[in-house]
Amino acid sequence: MVRTKSFDISKWTVWEAWKDVRDNGGSPGVDDVTIEDFEESLKSNLYKIWNRMSSGSYFPPPVRTVKIPKTSGGERALGIPTVGDRIAQMVVKRYLEPEVDSCFHQDSYGYRPNKSALDAVGVARKRCWRYDWVLDLDIKGFFDNIDHRLMLHAVEKHTRSRWILLYIERWLNASILQCDGELIDRHLGTPQGGVISPLLANIFAHHALDRWMEDKYTFVPFERYADDIVFHPRSKVQAQFLRQRIEERLALCKLKANKEKTKVVYCKDEDRVRNFSQESFDFLGFTFRPRGAKNRRGKFFVNFSPAISNRAALAIRETIRSWRIHRKSDKSIQDLSRMFNPMIRGWINYYGTYYKSATYPTLRYLNRRLVRWVQQKYKRYRHQRRATYWLRGVAQRDPHLFAHWKLGVLP
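Residues numbered from 1 in each chain as written. Predicted model: local features only at pLDDT ≥ 70, side-chain atom pairs only at ≥ 80, totals over all residues. Heavy atoms only, no water.

Novice: Where do I start with the packing of helix H3 (residues 42–55) against helix H4 (residues 83–101) in this structure?
Specialist: In contact at an axis separation of 10 Å, H3 and H4 are set at 50° when each is read in the N-to-C sense. One element, H3, and the other, H4, form an angle in the oblique class. For the crossing formed where H3 meets H4, the hand is right-handed. Judged by residue contacts, Leu46, Ile49 and Met53 of H3 engage Gly84, Ile87, Ala88, Val91 and Val92 from H4. (Axes fitted to C-alpha atoms, helices over the stretch in contact; angles between N-to-C directions. Helix = DSSP H or I, 4+ residues; strand = E, 2+ residues; numbered from the N terminus. Parallel < 35°, antiparallel > 145°, perpendicular 65-115°, else oblique. Left-handed = near helix turned anticlockwise from the far one by under 90°. Contact = heavy atoms within 4.5 Å.)

Novice: Would you mind showing me how to read the sheet that holds strand S3 (residues 133–138) here?
Specialist: Sheets are built from strands that pair by backbone hydrogen bonding, the pairs being arranged parallel or antiparallel. Taken together, four strands build an open sheet; the order of strands is S6-S7-S3-S8 and the sheet is antiparallel. One side of each edge strand has no neighbouring strand; the edge strands of this open sheet are strand S6 (222–225) and strand S8 (263–266). Taken over all neighbouring pairs, the strand axes of this sheet differ in orientation by 15° on average, direction set aside. Looking at chain direction, S6 and strand S7 (residues 228–231) are connected through four bridges and run antiparallel. Residue Glu223 lies in a different strand from S7, and its bridge partner there is Val230. Across the sheet, helix H5 (residues 117–130) lies against S3 and S6, angled at about 160° from S6, the strand it touches most. Against the sheet, helix H9 (residues 197–216) contacts S3, S6 and S7, and its axis sits at roughly 170° relative to S6. (Pairing = 2+ DSSP bridges.)

Novice: What is the right way to read the environment of Arg385 from this model?
Specialist: Mapped onto the secondary structure, Arg385 falls in helix H14 (residues 384–397). Owing to a relative accessible area of 69%, Arg385 belongs among the exposed residues under this scheme. The spatial distance from the C-alpha of Arg385 to the C-alpha of Ile80 is 46 Å, given a sequence separation of 305 residues. (Buried < 20%, exposed > 50% of the residue type's maximum accessible area, 1.4 Å probe, protein only.)

Novice: Sorry if this is basic, but what is going on with the pairing of S6 here?
Specialist: Residues in a regular strand point their side chains to alternate faces of the sheet. Of the two faces of S6, the one holding Phe222 and Arg224 and the one holding Glu223 and Tyr225 are both buried throughout. Where S6 folds back on S7, the antiparallel hairpin that results is connected by two residues, among which Ala226 adopts a positive phi of roughly 60°.

Novice: Looking at this structure, how should I read the pattern of salt bridges?
Specialist: Where charged atoms of side chains with opposite charge meet at close range, the side chains can pair. For the coordinates displayed, the defined rule picks out 14 salt bridges. A salt bridge links Asp147 to Lys254; the shortest N-O distance between them is 3.6 Å. One end of the pair, Asp147, is in the loop between helix H6 (142–145) and helix H7 (148–156); the other, Lys254, is in the loop between helix H10 (236–252) and S8, and 107 residues separate them in sequence. Here Asp335 and Arg338 are joined by a salt bridge, their closest N and O atoms 2.5 Å apart. With Asp335 and Arg338 both in helix H12 (residues 333–351) and three residues apart, the pair spans about one turn of that helix. Judged by relative accessible area, which is 58%, Arg338 ranks as exposed. Overlapping salt bridges bring together Glu16, Lys19, Asp20 and Arg94 as one network. (Salt bridge = Lys/Arg side-chain N within 4 Å of Asp/Glu carboxyl O.)

Spelled out as structure tokens, the structure:
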């Protein structure tokens, strides 16, 4: 007699899920098993995951918690599942995402195929030119406060697969291993860091806000990236009314708006001359505010536009400082380029998309750290002026060595 599995899950999907997890990298979970460790017994490990998921006997291990600094200050708890659990979550994501993504609102940009944060920033930029007012909404502890019953109810609107619902419920209820070693049960939220968490958050936000906005206030456009949302009402009165209604809606979904961070903003520019207490807002690492600009005919004017935010610039500086470049005197300048250029290029490609010159002060700070490296490496260049002169010569001879040198940001 041939025994059949409770659930029809493809072995090929488990294999593809493994490749996704391997390519994404990441730290080990509570079992301390790295991706390299997992790969040593790959066939056996993948079979165990498939066998347990197919029979309904897969139970996720606790999620290890680490604290990471937030650009706005304080710390954020990041959940790290085990490698095996990340593969299991990727299996569910591969089945569920194609079913739900086509249902999502066109202005939902977070964690979606073929959409990005820069897409959201670009659309917000154009709409700030068209509409005078912005409602900048911040949801208090969105990932940490999602109600599990409401979350499962939202998922059930998109799939009837018993095994998908079963494992999502188990992941929502998986215990958390705190940094101090304490194991606690979770009754709310979905931990940031899990493979399935962004998709679940999008499903919840779709039903809690996106569809509600489409039904009730279709005339108010918005951009949402996870829990970061910008609305474009037509007037101050409409903005204040919308804020009240959204807070009521969030309360029905057992969420709260962060009243200190949620604000109504006036998009002041050359043609909008009134004064208002709030004339700027941050969105996805950019600060939108009135800025000087020049048109094609060389005329200067005031434009409401985005540029790298002070918080993002400070976070970049802290990252550069953490590299401790001046302590790497055993490395060559080419070694430093190979080590750090991918990240520098990423910063430029993202934050340099709008108002690129606003990134230059931060990139000059990187040059100063490189000058310190020259001073430490070469005795004859211990004087800062001589070290700067030497590094500038290298930059002029090989401007492609560091990504920011190509922009003309030289030592």
